Amino acid sequence: MAAMDAIFKALSDETRRQLLDMLRSRDGQTLTELESALGMTRFGVMKHLKVLEAASLVVTHRSGRFKYHYLNAAPLQSLVDRWIEPLTRQPLTRAILDLKVELERTSTMDTVRPDFILETFIRTTPDKLWEALTSAELSRRYNLRGTEIHGQFETGGKYEHRTAEGKVMVSGDILFAERGKRLEMTFIPSWIPSDIKPSRIVYEIKPAGETTKLTILHYDLPEGHEGLKEAWAQIASSLKSLLETGHGLAFA
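Quick look at the structure, then. Not measured: the values here are computed from a predicted model. (Residues numbered from 1 in each chain as written. Predicted model: local features only at pLDDT ≥ 70, side-chain atom pairs only at ≥ 80, totals over all residues. Heavy atoms only, no water.)

## Observations concerning unusual backbone geometry
Positive phi outside glycine occurs at serine 56, with the angle close to 60°. Turning to its location among the elements, serine 56 is positioned in the loop between α4 (42-54) and β1 (58-63). You will see that aspartate 220, though not glycine, has its phi angle at about 55°, which is positive. With respect to the helices and strands, aspartate 220 occurs in the loop between β9 (211-219) and α8 (227-245). (Helix = DSSP H or I, 4+ residues; strand = E, 2+ residues; numbered from the N terminus.)

## Some details on the nonpolar core
Counting 34 residues, the largest nonpolar core has Tyr159, Tyr203 and Leu214 as the members making the most contacts within it. Sorting the residues of this core by element identifies β3 (116-122), α6 (126-134), α7 (136-142), β6 (168-178), β7 (182-189), β8 (199-208), β9 and α8 as the ones contributing at least two each. In terms of nonpolar packing, the next biggest core, distinct from the first, is built from 18 residues, Ile7, Leu31, Leu34 and Leu71 among them. (Core = buried A, V, L, I, M, F, W, Y, C linked by side-chain atoms within 4.5 Å. Buried < 20%, exposed > 50% of the residue type's maximum accessible area, 1.4 Å probe, protein only.)

## Let's talk about helix α2 (residues 14-25)
If you check α2, its first and last C-alpha atoms are 16 Å apart, about what 12 residues at 1.5 Å a residue would give, namely 16 Å. Inspection of α2 places Arg16, Leu19, Leu20, Met22 and Leu23 among the buried residues, and these make up the whole buried set. Buried residues of α2, viewed axially, fall in a sector of 160°; they line one side. Of the exposed residues in α2, those oriented more than 90 degrees away from the buried face are Glu14 and Ser25. Between the side-chain oxygen at the start of α2 and the backbone nitrogen of threonine 15 there is a gap of 2.9 Å, and the oxygen is on aspartate 13. (Expected span 1.5 Å × (residues − 1). Arc of directions from axis to C-beta. Polar contact = N/O pair within 3.5 Å; in protein donor to acceptor, adjacent residues only side chain to side chain.)

Any link to function would need more than the numbers given here.
Spelled out as structure tokens, the structure:
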């Protein structure tokens, strides 16, 4: 309940809600950019960001001298799934909200700023989370449209997301794989023209007490396909539910 208290506290202030709206409109803003848009002192903006970070609504990614702020949907998605969705039973447009976390990344692309970050804590082990991310049977139970993932999950391998009819929805190469810790892949949706540069997704897995922290980063998000952010929020929420309760979530 303490986590929910922090979320409600963070959302109770108009300035903090404005910060979240700004980040929803454009991910990856620096403190200077946020300060300039709000017309507040640097100290005032930092104070509000600290509250948002404490509620896990904001995370940052450091690249060189700069620190970029991102929206994280996971905390609010949990709130919606727990209270709002059972009451309304209607499709919801979920805002992507930022989160604060220092990411110690190990890839050669550490200096590249991601376009999207999502972080969630799941009551499971790193090995079980890895299995869910790479298992055809388990992925079908939490992925949108019931797609299954198939592939060789080792560095240099390939993978595909397929529908029950065998149609390939997403494919790509495995750029780096370390079981239970990190998975980097190119991300090539079938509905995006082939001349567009493939984007890149990263799953970071870290033990966190009785839970496991999953961080999803998406680089080079194709322009005009911001809807993928909402899809990531829904997939992460359904994955969390599957591992904690045995049942994924159905989204309209």
